[in-house]
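# Analysis of the macromolecular model
Listed below are the residues making up each chain.
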Amino acid sequence: MARLLILLSVVLFSVYQTEQAHFLEKNYIDQINEEATTWKAGINFDPSTPKEDIIKLLGSTGVESAKKASIDQFKTDDDAYENVWIPRTFDARKKWRHCRTIGEVRDQGHCGSCWAFGTSSAFADRLCIATNADFNELLSAEEITFCCHTCGFGCHGGNPIKAWEYFSKHGLVTGGNYKSGEGCEPYRVPPCPRDKDGKNTCSGKPMEKNHRCTRMCYGNQDLDYGDDHRYTRDYYYLTYGTIQKDVMNYGPIEASFDVYDDFPSYKSGVYVKSENASYLGGHAVKLIGWGEENGTPYWLMVNSWNAQWGDKGLFKIRRGTNECGIDNSTTAGVPVTY
């Protein structure tokens, strides 16, 4: 009897683990499009994708940690903010065209390392801007994901503000994309593109196991691991009133928000959560600008689910109403330049 109960438990657990993501099906997407007035949904993932696979792409505790942060952790003023005029639209890709990393859409793979991509990508952009493109490459998502043990749990999620704290105390080496060989520590989690049949190449596979923290350059081995580290002078949350000023002065920032089950199917327009959408988890992305579309103000975001997702890897989300917690959950730091 006991063996039967164990077997039944294993079967039920397996079914739960591979529960199909009903929200990726065409009828659900059609329902979103009937209700949504500011954005369009479409197929980004194979409808047979397990729900767990979508949840594995999330992993930021940024919204919750921002709620618990003390007021002195929020940046409210900076000498650089003086006399800053905020334009109606802004796109960091156009403002700093020489910084090639700003608009680059990356692929975090089968790993909940969005928190590491949002922060390390914004840090790389800011370093390029601060050095007038003397530095113009990616920083290592691999190092921050697997070496920052105070940040969280690697592929199982992390806290963006802790990543910026790590940059200020320990620094971060350079590191390009998977198998690029670029920088000191390139990302070692395989990407998850869709194949010619529209299936996600990582679908059904187990989540990437956390890597051992490697304290050596295995990409460009001409680099010295110690010398290759770049630092920030500080780390902070931003208030809604300082986000635009900080971005205009220093460059892109990390932004966390709550993800609901309509968001994975975003295709275009300004995302606003559907009324009956269900919560899936927290996510982190890179904020590179803002604007207004058909009367709806938005933030312009770069996701890390590769360029096949959404609007070529980017999306817009409503600004000014704390949509999914995004207005109150942004982090950044100012790079140190030598």
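Scoring rules and cut-offs
- Positions within a chain are numbered from 1, following the residues in the order the chain's sequence is written.
- Per-residue local features are limited, in this predicted model, to residues with pLDDT of at least 70; the limit for side-chain atom pairs, both in listing and counting, is 80 or more; totals at the level of whole chains, interfaces and linings are taken over all residues.
- Derived side-chain values reflect all non-hydrogen atoms in the structure, with water molecules and hydrogen atoms excluded from consideration.
- The criterion for a disulfide is a pair of cysteine sulfur atoms lying within 2.5 Å.
- Numbering of helices and strands starts at the N terminus; helices are DSSP runs of H or I of at least 4 residues and strands are runs of E of at least 2.
- UniProt positions are given in the numbering used here, feature names are shortened, and annotations may be inferred rather than shown by experiment.
- The predictor attaches a confidence to each residue, and that confidence, scored 0 to 100, is pLDDT.
- By definition, residues are in contact when any of their heavy atoms lie within 4.5 Å.
- Aromatic rings from Phe, Tyr and Trp, with only the six-membered ring used for Trp, were paired whenever their centres fell within 6.5 Å, and each pair was classed as stacked if the ring planes differed by under 30 degrees, edge-to-face if by over 60, and tilted otherwise.
- Whether a residue is buried, partly exposed or exposed follows from its accessible area with a 1.4 Å probe, protein chains only, as a fraction of its type maximum: under 20%, in between, or over 50%, in that order.
- One requirement defines pairing of two strands: DSSP has to find at least two bridges between them.
- Along the arc lie the directions from the helix axis toward the C-beta atoms.
- Pairing of N or O atoms within 3.5 Å defines a polar contact, subject to two protein rules: one partner must be a possible hydrogen donor and the other a possible acceptor, and residues neighboring in sequence count only if both atoms are side-chain atoms.
- In this text, buried Ala, Val, Leu, Ile, Met, Phe, Trp, Tyr and Cys residues form a nonpolar core when linked through side-chain atoms within 4.5 Å.
- Should a side-chain nitrogen of Lys or Arg be within 4 Å of a carboxyl oxygen of Asp or Glu, the pair is scored as a salt bridge.

## Notes on the state of the cysteines
- Tallied over the entire structure, the rule returns six disulfides.
- Across the disulfide from Cys-184 sits Cys-217; the S-S distance is 2.1 Å. When the S-S torsion is -100 degrees, as for the bridge of Cys-184 with Cys-217, the disulfide is left-handed. Here the residue Cys-184 occupies a position in the loop between helix H8 (160–169) and strand S4 (236–238), and Cys-217 occupies one in the loop between H8 and S4, the gap between them amounting to 33 residues.
- One disulfide in the model links Cys-192 with Cys-202; its S-S distance is 1.9 Å. Looking down the S-S bond of the Cys-192 and Cys-202 bridge, the torsion is -95 degrees, so its handedness is left-handed.

## Some details on the UniProt feature "domain: Peptidase C1A papain C-terminal" (unreviewed entry) in the protein chain
- UniProt tags residues 86–334 as "domain: Peptidase C1A papain C-terminal" (unreviewed entry).
- Within residues 86–334, the helical portion is 18% and the strand portion 20%, while the C-alpha atoms at the span's ends are 20 Å from each other.

## What about the confidence of the model for the protein chain?
- When pLDDT is averaged along the protein chain, the result is 93, and 94% of the positions lie at 70 or above.
- Between residues 1–17, whose pLDDT stays under 50, and residues either more than four places distant or in other chains, the model counts three contacts.

## Points about the packing of aromatic side chains
- Enumeration according to the criterion identifies 23 aromatic pairs in this entry.
- Ring geometry for Trp-164 versus Phe-167: centroids 5.4 Å apart, planes at 80 degrees, classification edge-to-face. Of this pair, Trp-164 and Phe-167 both sit in helix H8, three residues apart, roughly one helical turn. Considered together, Trp-164 and Phe-167 belong to a single accessibility category, that of buried residues.

## Re the pairing of strand S9 (residues 314–318)
- In terms of residue burial, S9 counts as a mostly covered element, since four of its five residues are buried.
- Sheet topology note: the strand S6 (residues 266–271)/S9 ladder contains two bridges and is parallel. For Val-270, the partnering residue across the bridge sits in S9 and is Lys-316.
- Relative to S9, strand S8 (residues 296–302) runs antiparallel, the two sharing five bridges. By the bridge assignment for S9, Leu-300 is matched with Lys-316.

## Observations regarding unusual backbone geometry
- In the Ramachandran plot, Lys-179 falls in the positive-phi region, its phi being about 55 degrees despite a non-glycine side chain.
- As for its placement among the helices and strands, Lys-179 is situated in the loop between H8 and S4.
- The exposed category is assigned to Lys-179, whose relative accessible area is 72%.
- At Cys-324, a residue that is not glycine, the phi angle is positive and equals roughly 55 degrees.

## Describing helix H2 (residues 26–35)
- Within H2 the residues assigned to the buried category are Tyr-28, Ile-29 and Ile-32. Buried residues of H2, seen end-on, are gathered within an arc of 100 degrees and therefore sit on one face of the element. Of the exposed residues in H2, the ones pointing more than 90 degrees away from its buried face are Lys-26, Asn-27 and Glu-34.

## Examining the side chain of Ser-140
- On the secondary structure map, Ser-140 appears in the loop between helix H6 (114–130) and helix H7 (141–147).
- Only 2.9 Å separates the side chain of Ser-140 from the backbone nitrogen of Glu-143, close enough to count as a polar contact.
- At 2.8 Å, the side chain of Ser-140 forms a polar contact with the backbone oxygen of Glu-185.
- Setting aside anything within four residues of it in sequence, one finds Ser-140 in contact with Ser-120, Leu-172, Val-173, Thr-174, Gly-175 and Glu-185.

## A short note on the environment of Asp-134
- Examined against the element boundaries, Asp-134 turns out to sit in the loop between H6 and H7.
- Separated by 35 residues in the primary sequence, Asp-134 and Cys-99 have C-alpha atoms spaced 9.6 Å apart.

## Some thoughts on the nonpolar core
- Among the nonpolar cores identified, the biggest contains 56 residues, and Phe-257, Met-301 and Phe-315 are the most heavily contacted of them.
- Ignoring anything within four residues of it in the chain, the contact list for Met-301 reads Ala-255, Val-285, Lys-286, Leu-287, Leu-314, Phe-315, Ile-317 and Ile-326.
- Grouped together as the second largest cluster of nonpolar side chains are 20 residues, Cys-114, Cys-148, Cys-151 and Phe-167 included.

## What to know about the pattern of salt bridges
- For the structure on display, the rule yields 18 salt bridges.
- The partner of Glu-165 in a salt bridge is Lys-162, and the shortest N-O contact between them spans 3.5 Å. Of this pair, Glu-165 and Lys-162 are both found in helix H8, three residues apart, which corresponds to roughly one turn of the helix.
- Salt bridges sharing common partners tie together Lys-75, Asp-78, Arg-126, Arg-233, Asp-234 and Asp-246.

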